[in-house]
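A closer look at the structure
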Amino acid sequence: MSFLVFVVNFTPNRMQEDRKTPEMRAQMTDIERLRHSTAHVLATAILKIWPEAQFAAGPPVDNGFYYDVDLPHRISPEDFEKIEAEMKKEIKENHPFERMEVSRDEALDLGKKGRLAALSDREQPSKFKLEIIENIPPGETISLYRNGDFIDLCAGPHVMRTGNIGAFKLTTVASAYYKGDEKNPQLQRVYGTAFKTKKELDDYFGMLEEAKKRDHRKLGKELEIFVLDDDVGPGLPMWLPRGAAIIEELEKLAKETEFAAGYVRVRTPHIARESLYKKSGHLPYYADSMFPPMELKYDPAEEHQAAGLEATIGKKMEQIKAFENIFTGLGMEEAAKDHRESLQRLEENKRELATLNSKRNEILSRSRYYLKAMNCPHHHKLFAAVPRSYRDLPLRFAEYGTCYRYEQSGELFGLMRVRSMQMNDAHLYMTPEQFETEFNAVNEMYLKYFKLFGIGKYLMRFSTHDPTKLGQKFVDESELWKQTEEMTRNVLKSSGINYVEVPNEAAFYGPKIDVQAWSVIGREFSIATNQVDFAQPRRFDLRYKDRDNVDKIPLCIHRAPLGTHERFIGFLIEHYAGNFPLWLSPEQVRILTIGDEPQLLDYSRAILDELRSHQVRAEIDASTDKINGKIQRAEQMKVHTMFVIGKRDMEANAVSVRVHGKGNLGAKSSDEVIVDILSSIKERRA
RNA sequence: GCCGACGUAGCUCAGCUGGUAGAGCAGCUGAUUCGUAAUCAGCAGGUCACGGGUUCGAAUCCCGUCGUCGGCUCCA
C-alpha cells in the first residue's frame, strides 16, 4: 500500500492554476525546483530541433512537469528519443541557471524580438511570453533565467546547473487549451518527470507498473465484475453477478445505516416530463448534461389544441406585422395619434400572443420526457405530495436512484465516469434551526464509512459560488448564497473537520461539500457529496406549517456519502486491489474437493448448503482438476476463503481453510469455521 | 466536445518493408483421483472494430465512422 503515497497531494488543481506570487514560488520544494528546471531543458531541446516553437507555461506538476508549446510539427512519442537526446546534451554541458532581473521595457523588448523562451532572436515575437508580461502586476520584479543559449521569462526558482538534473524521462504528449479555456486554441503539452537519481526514476516507473495492476478496468474484467459493451453504449456499464454481489452489500450497508439514522426510503421512476426540470431549474443549468429528450406523440385532443394555437398565433403574427408596417411608414408618434385604437389592439394582440405561446409551449413540454439526471425533483414532488408540518421535519428521503447523464465522450473513463449510474442518494428537508445538526450528521456518516473501508486519504472540498456568474452558472439569489455559505462554513469550522474552500464550484442550487479521494492511478475523484439547496424548495413551492401557523420553506440537503455504485466500486476495486474483505467479496467461500468420490461430494455439498442457508456467497469446484489447479483458479479469482476438503477432512468432520493472500491455515472443525465466517461478515471486518 | 495514440479468437499478445491469420490461457470432449498457485491429449474459436478507397492482391497503405486510452474542458 505504501506506493500510494506518490499520488497524494492535498492541493486542489484549480488552486494551482491561480497565479503564483513570488513568495509562493519561493516555497517550491526541491523536487519541484528540479522538475521546473527540467522543463526549461525540455524547451531548450525542442528549440534546437524546431527553432520556431512558441512556449506558453512550463510548471512542475504532481508527478513531473510539462511545457505547453505551439508548434506546426505534431510532436509524437516517436520524437521523444530525439528530444531526450538533445536534453541529455544540455545536461551534460552543465550550464548554470543564471537569474537576470530586467525592467518591464527590457522584457517587452526581448519578447518582441522573439528572444523569450528561445535560443536567439527570432522573426516572430514570443507571443505567449509577452502576454504573461502584461499580466505581471506593476510592482513585481520581472526575472529571466538563462541556461546556455536558452533564455526564458521565469520567476524561478531553479537548480544551480543543468547537470543537477539526475534522471528524467518524457512521458506523454497531449493537447491542452491555452489557459485552460475551451475557447482558446489548443497547445501541445509535453509531459515528463525528473528525479535526483536514476534509481528514484526507475522506482517511480516501477510504482506506475504496480498501480496499473490495480486499475479497476483491468481487475474488473479479470474478476468478472462489470462489462462495457459497445452495443449497449459507451459509459453504460453492466454488472456481472460478481459485481452485483458487491452492489448488494453496499446497498445493505447504506440501508442499515440510513434506517438507523432515521431516513425513510422512497422509489421514483427513471423519467419525467420536461415540465419537472423546468420547475426544478435544471434545464437552463444542466441541459447539456442530460440525454436529449424523448418526444411523445400528443394525444389527439392535445394535438388538435396545439394545431389550433399554431393557426391563431400565425394570424396574430401577421396582424402585428401589418400594424408595424403601417406605423413605421408613418412614424410612430403620428401613428399613435392617428391609430390609438389600433395601437391598443396591437398591444392586446401581443399580450394574447404571449399567453398563447406559453400555453403552446406547455403542451409541447408535456409531450417531452427526459431520463432523469438526478433524483431531487422527484423527491421534492414526494415532499409536496402530503401536507407537512414542522413536526414531520427533518424528513429524510433515501433512494438508490438510477440516473443518466450525457457526459461528453472524452470524459468517459471505466467505471469512474459513466453515463448511467446509481446513486446513494437522499434528500433531507429541515427547518433552518435543524440545519447544523443534519449537516454534521451527514459529514459524520461519511467519516464512519471511510473508516469502515479504510479510506485514510481524503479531502473535503467546500465549493462556493462565484458572484459574477449569478444567473448563468448559479441561481440568481445573492443573499441566499451568502447566508447558506456562511452557515455551512460555520458548521465546518465548529466541527473541526479539515477542508479547503473552492470558489466557483458550487452546484447551481447551493454550496456543497465534495469528498475527494485518490485512486491508485493517481486520478482524483469526488466520491461523496453533501450539498445545500435553498433554491429548489422555493421553485417547487415546498412548505411546512410551522408552530406559529405560518407556511415556511424548508431547507434541503442533497447527500450521497457512497457516491454512485459505479464510481465507488471502481474506487474500491483499486483501493483493495481486488482483494475485498470477506463481507464485500463477490465469492466469499469456494469449496475445493480433492477427488470426486460420491461420499466426499455429499459431505462437501452439505457444507455448501449450510453456507448458503446463511446467505454466504459460496461455490463448489467439483471438477476433475487436480487440487493445485483448483487452488490456482480460486486464487486468481481472488476468492476470499477456500475450503479444501479431502478424505482426511471428511473423516474428522473438518475443512482445511485457505485464505486468499494468507495461504493454508490448516484443518478446522467445519462448525467453528462457519461461525467465524458468519461473524466476520456480520461485523464487516476488514 | 477538442488534440493525439490505439482497436487481431472470451482474455493476454505474435503477425518484418502489402502475398488473403498464429501461440498461451480460458472453453468443449476424453483420460487422470490428485493434499495447498496450473495432470495430459484431442477438438473447436477470427468478416483482423465497422464502412469506403488504392492495388492483381489489404490485418498491413489512405479516408471516414464507432469505440477505447492519454490529456484538455467538465463532473458523482
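The coordinates are above.
Described below are features of the structure shown in this document. (Residues numbered from 1 in each chain as written. Chains lettered and ligands numbered in written order. Predicted model: local features only at pLDDT ≥ 70, side-chain atom pairs only at ≥ 80, totals over all residues. Heavy atoms only, no water.)

Concerning the pairing of strand β3 (residues 64-70)
Burial of β3 is extensive: six of the seven residues sit out of reach of the surface. As paired strands, strand β1 (residues 54-55) and β3 are joined by two bridges and run antiparallel to one another. Bridge pairing in β3 places Phe-55 opposite Val-69. In this sheet, β3 lies alongside strand β2 (residues 60-61) in antiparallel orientation, the contact comprising two bridges. Across the sheet, Val-61 pairs through a bridge with Gly-64, a residue of β3. Following β2, the chain reverses through two residues before pairing antiparallel with β3. Here five bridges tie β3 to strand β8 (residues 186-195), and the two strands are oriented antiparallel to one another. Note that in β8 the partner of Asp-68 across the bridge is Arg-189. (Buried < 20%, exposed > 50% of the residue type's maximum accessible area, 1.4 Å probe, protein only. Helix = DSSP H or I, 4+ residues; strand = E, 2+ residues; numbered from the N terminus. Pairing = 2+ DSSP bridges.)

Brief notes about the layout of surface pockets
Of the volumes computed, that of the second largest pocket is approximately 550 Å³. If you trace the second largest pocket, you find 23 residues lining it, with Leu-582, His-640, Thr-641, Val-659 and Lys-662 closest to the centre. Those elements that place two or more of their residues in the lining of the second largest pocket are β27 (654-659), β28 (663-669) and α23 (670-682). Considering each element in turn, the lining of the second largest pocket owes the most residues, four residues, to α23. For the lining of the second largest pocket, a count of residues per class yields ten nonpolar, eight polar and five charged. (1 Å grid on protein atoms, 1.4 Å probe; cavity = no way out; pocket = protein on both sides within 12 Å on 5 of 7 lines; lining within 4 Å. Points joined across faces, edges and corners; volume = space filled by probe spheres on them. Nonpolar A, V, L, I, M, F, W, Y, C, P; charged D, E, K, R; others polar.)

Concerning the pattern of salt bridges
Across all of its chains, the model carries 43 salt bridges by this definition. In this structure, Lys-482 and Glu-479 form a salt bridge, with 3.7 Å as the shortest nitrogen-oxygen distance. Linking Lys-482 with Glu-479, this pair stays in helix α17 (residues 478-495), spanning three residues, or about one helical turn. A single network of salt bridges, built from pairs that share partners, joins Glu-274, Lys-278, Glu-295 and Arg-368. (Salt bridge = Lys/Arg side-chain N within 4 Å of Asp/Glu carboxyl O.)

So, the side chain of Thr-464
Counting through the fold element by element, Thr-464 comes out in strand β17 (residues 458-464). When near neighbours in sequence (up to four residues on either side) are disregarded, Thr-464 contacts Glu-485, Arg-489, Glu-501, Val-502, Pro-503, Asn-504, Glu-505 and Ala-506. (Contact = heavy atoms within 4.5 Å.)

Quick notes on a negative patch on the surface
A cluster of like negative charges, contributed by Asp-609, Glu-610, Asp-671, Glu-672 and Asp-676, occupies part of the molecular surface. Every element with two or more residues in the negative patch is listed here: α20 (598-613) and α23. Tallying contributions element by element places α23 first for the negative patch, with three residues. Looking at the secondary structure, you find Glu-672 in helix α23. (Patch = residues over 30% accessible without salt bridge, like charges linked within 9 Å, V, L, I, M, F, W, Y side chains within 5 Å. Areas by Shrake-Rupley, 256 points an atom, 1.4 Å probe, with all protein chains shown as cover. Lys, Arg positive; Asp, Glu negative; His and termini not counted. Charge placed at Lys NZ, Arg CZ, Asp CG, Glu CD.)

Remarks on helix α19 (residues 565-576)
For α19, spanning twelve residues, the distance from its first C-alpha to its last is 16 Å, which sits close to the expected 16 Å at 1.5 Å a residue. Counting buried positions over the twelve residues of α19 gives twelve, a clear majority of the element. For α19, the full list of buried residues reads His-565, Glu-566, Arg-567, Phe-568, Ile-569, Gly-570, Phe-571, Leu-572, Ile-573, Glu-574, His-575 and Tyr-576. Ala-577 sits one or two positions beyond α19 and adopts a positive phi of about 55°. (Expected span 1.5 Å × (residues − 1).)

A look at the protein's contact with RNA strand B
Near RNA strand B you find 59 residues, and of these Tyr-177, Gln-186, Glu-411, Arg-417 and Gly-595 are the closest. Close to the protein, within 4 Å, the atoms of RNA strand B belong to sugar or phosphate groups at a rate of 49%. Between RNA strand B and Gln-186 there is a distance of 2.5 Å, counted from a sugar or linking oxygen to a side-chain nitrogen or oxygen. Contact distances for RNA strand B include 3.0 Å between a base nitrogen and a backbone N or O atom of Val-418. Those elements that place two or more of their residues in the surface near RNA strand B are β7 (167-177), β8, α8 (216-222), β19 (512-518), β20 (524-533), α21 (627-636), α22 (647-651) and β27. At seven residues, α21 tops the list of elements feeding residues into the surface near RNA strand B. For the surface near RNA strand B, the per-class residue count stands at 15 nonpolar, 21 polar and 23 charged. (Near = heavy atom within 4 Å. Polar contact = N/O pair within 3.5 Å; in protein donor to acceptor, adjacent residues only side chain to side chain.)

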